[in-house]
Each structure stands twice: as C-alpha cells, then as structure tokens.
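# An overview of the molecular structure
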Amino acid sequence: MWQRERDQMVERQIACRGVTDARVLDAMRQVPRHAFVPPESVDCAHDDRAMPIGQGQTISQPYMVAVMTQLLELEPTDRVLEIGTGSGYQAAMLAMLAREVISVERVPLLAEAARQRLHALGYENVVVVVGDGTLGCREYAPYDAIIVTAGGPFVPETLKTQLALDGRFVCPVGPREVQHLAVIRRTATGFQETASIGCVFVPLIGAEGWPEDAKDEG
Ligand code: SAM
C-alpha cells in the first residue's frame, strides 16, 4: 500500500527535476510518507507541496526534502544533526542514509509525536531532543552533516562550530517570505559557502534565528 504513490512521487516530482543520487531516490521510495501526515491528509501525502502537521508547522515538500538530502552527501557512517524535527519525515530519510541522527525540535508536542512515530516505524538510530536548535546540540557534536528545516535570517554561527572537518551544512536563509538554501562545507582553512535553490520555509525561531514574537508575521 502507498508504494505506487511513492514511486510516482519520485518519478514525477524528484528525479525529473534533477535529483540524481540513487541512495536518496531509493530512500524516498522507501520511507512511508503517509505515516508522517495527519490522518485526514493521508490521501494528499504525496502531493507536490508542504502540508500542515499541526502547531502551525509543516512537513516539507517531497522535492525539497530530496534536494536538501542530496546536498548533504551522506555516507553510511555519518552522524547528522537536524534542526526542526516536525513530523519526523526528514529524520527518517536521514536515518536511512546515515549511522545516527540527532533531531532537535522546539515544540515539545511535535517532538514527542515524532519520537513515538519514528520508534513505531522502526527508526532506532534517531534521537529527538527538545530545545532551541539554533544552538545545535553540543552533547553529540561534531556532526558530519547538519540540516536546518526552517528558515532563518542568517546561518547560525553556533551550528557551524559543531560541524566536523569536511562536514556539510544546508540551511534555508533569507527574509521571512522567501529564502535560498545556503550550502556550507567546513575545510581545513575555514568554511566555504555557496547558494543553492530558492525555497519557502516556516520560520526558524530562536537565539540565532527569528525572535519568538515574530512567529505569526509573514
Ligand atoms: N523536518 C520536518 C519534517 O520532516 O516534517 C519539517 C520541519 S517544519 C518545516 C520546521 C520545524 O522547525 C517546525 O516543526 C518548527 O517547530 C521547528 N523549529 C523552528 N525553529 C526551531 C528551533 N530554533 N529549534 C528547533 N526546531 C525549530
């Protein structure tokens, strides 16, 4: 059940738009996206868009999940930090491709629901932590890859310090209305940053993000 929908999602929304990493495409075909959306939205789970998951938050568009995951260039031995657990869908994708995933969510209700969902689905290599992810998670640092799944005004400096040498970091950055994906790599001499595609994310709220009282704007 839902395999056909996932195969079509990959073929019609992702592979044809330039995502070529076979491991990423294969994980997109396997992770049961329908299990990460609210029950009333199951029939639209594979639509080409972000969808509400409660608490004013969203599960990201499948294409955006695929692009960001590809940009992380994950190896099976990697430890990954995700900021913005939301439904847990992106965390499940990362769990398929890396050794260990630490996922930080600021809304406790979402974190608990995602923790239970990931456990029920058998993703045992994900740790969900409640907190302000703009400050990362020092306990498990350094990370081979970091992904932020909410949009901030700038790249959080603290997260850069938690990146391992040769680590990759993908983060939506820009004004509230529209952002782009910043792609950062830590090298022996510092950080290299490039800009990838445009995107629209819910706000990253925290010490190195937007202020809490700005969350209902835009
Ligand atoms: N990755 C999620 C998924 O697969 O369902 C989608 C994430 S949703 C677009 C963005 C999430 O980031 C929301 O759940 C929101 O509560 C969370 N968030 C925003 N600011 C945060 C912060 N400073 N630390 C942790 N989570 C944050």
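See the structure above.
Our subject in this report is the structure included herewith. Every value quoted in this text rests on a predicted model; they were computed, and no experiment measured them.

### Remarks on the sheet that holds strand β3 (residues 79–83)
Strand order across the open sheet formed by 7 strands is β5-β4-β3-β6-β7-β8-β9, with mixed pairing between neighbours. One side of each edge strand has no neighbouring strand; the edge strands of this open sheet are β5 (126–130) and β9 (190–199). Neighbour-to-neighbour, the strand axes of the sheet open up by a mean angle of 15°, direction not taken into account. As judged from the 5 bridges shared by β3 and strand β4 (residues 100–105), these two strands associate in the parallel manner.

### Quick word on unusual backbone geometry
In this model, A141 is joined to P142 through a cis peptide bond whose omega is 5°. Mapped onto the secondary structure, P142 falls in the loop between β5 and β6 (143–148). Even without glycine at this site, W2 takes up a positive phi of about 75°. Mapped onto the elements, W2 comes out in the segment before α1 (3–14). The phi dihedral of D166 falls on the positive side, at around 70°, and the residue is not glycine. In this fold, D166 is placed in strand β7 (residues 163–173).

### Digging into the pattern of salt bridges
Counted under the stated rule, the structure contains 9 salt bridges. The partner of E73 in a salt bridge is R185, with the nearest N and O atoms 2.8 Å apart. One end of the pair, E73, is in the loop between α3 (62–71) and β3; the other, R185, is in strand β8 (residues 179–187), and 112 residues separate them in sequence. Residue R106 pairs with E212 through a salt bridge whose shortest N-O separation is 3.0 Å. Of the two residues, R106 is situated in the loop between β4 and α5 (108–120) and E212 in the segment after β9; the sequence distance between them amounts to 106 residues. You can call R106 partly exposed: its relative accessible area is 32%. Three or more residues are tied together by salt bridges with common partners; here these are R79, R99 and E100.

### With respect to the packing of aromatic side chains
Across all of its chains, the model carries 1 aromatic pair by this definition. With a centroid separation of 5.6 Å and an interplanar angle of 70°, the aromatic rings of F36 and Y89 are classed as edge-to-face. With a gap of 53 residues between them, F36 in the loop between α2 (22–30) and β1 (51–54) and Y89 in helix α4 (residues 89–97) connect regions that are remote in the sequence. Note on F36: relative accessible area 1%, which makes it buried. Its guanidinium or amino end placed over the ring of Y63, R17 lies 5.0 Å from that ring's centre, counting from NZ or CZ. Against the face of F191 rests K160, its NZ or CZ located 4.9 Å from the ring centre.

Cut-offs and rules
- Residues numbered from 1 in each chain as written.
- Predicted model: local features only at pLDDT ≥ 70, side-chain atom pairs only at ≥ 80, totals over all residues.
- Heavy atoms only, no water.
- Pairing = 2+ DSSP bridges.
- Helix = DSSP H or I, 4+ residues; strand = E, 2+ residues; numbered from the N terminus.
- Axes fitted to C-alpha atoms, helices over the stretch in contact; angles between N-to-C directions.
- Salt bridge = Lys/Arg side-chain N within 4 Å of Asp/Glu carboxyl O.
- Buried < 20%, exposed > 50% of the residue type's maximum accessible area, 1.4 Å probe, protein only.
- Phe/Tyr/Trp six-rings, centres within 6.5 Å; stacked < 30°, edge-to-face > 60°.
- Lys NZ or Arg CZ within 6 Å of the ring centre and 35° of its normal.

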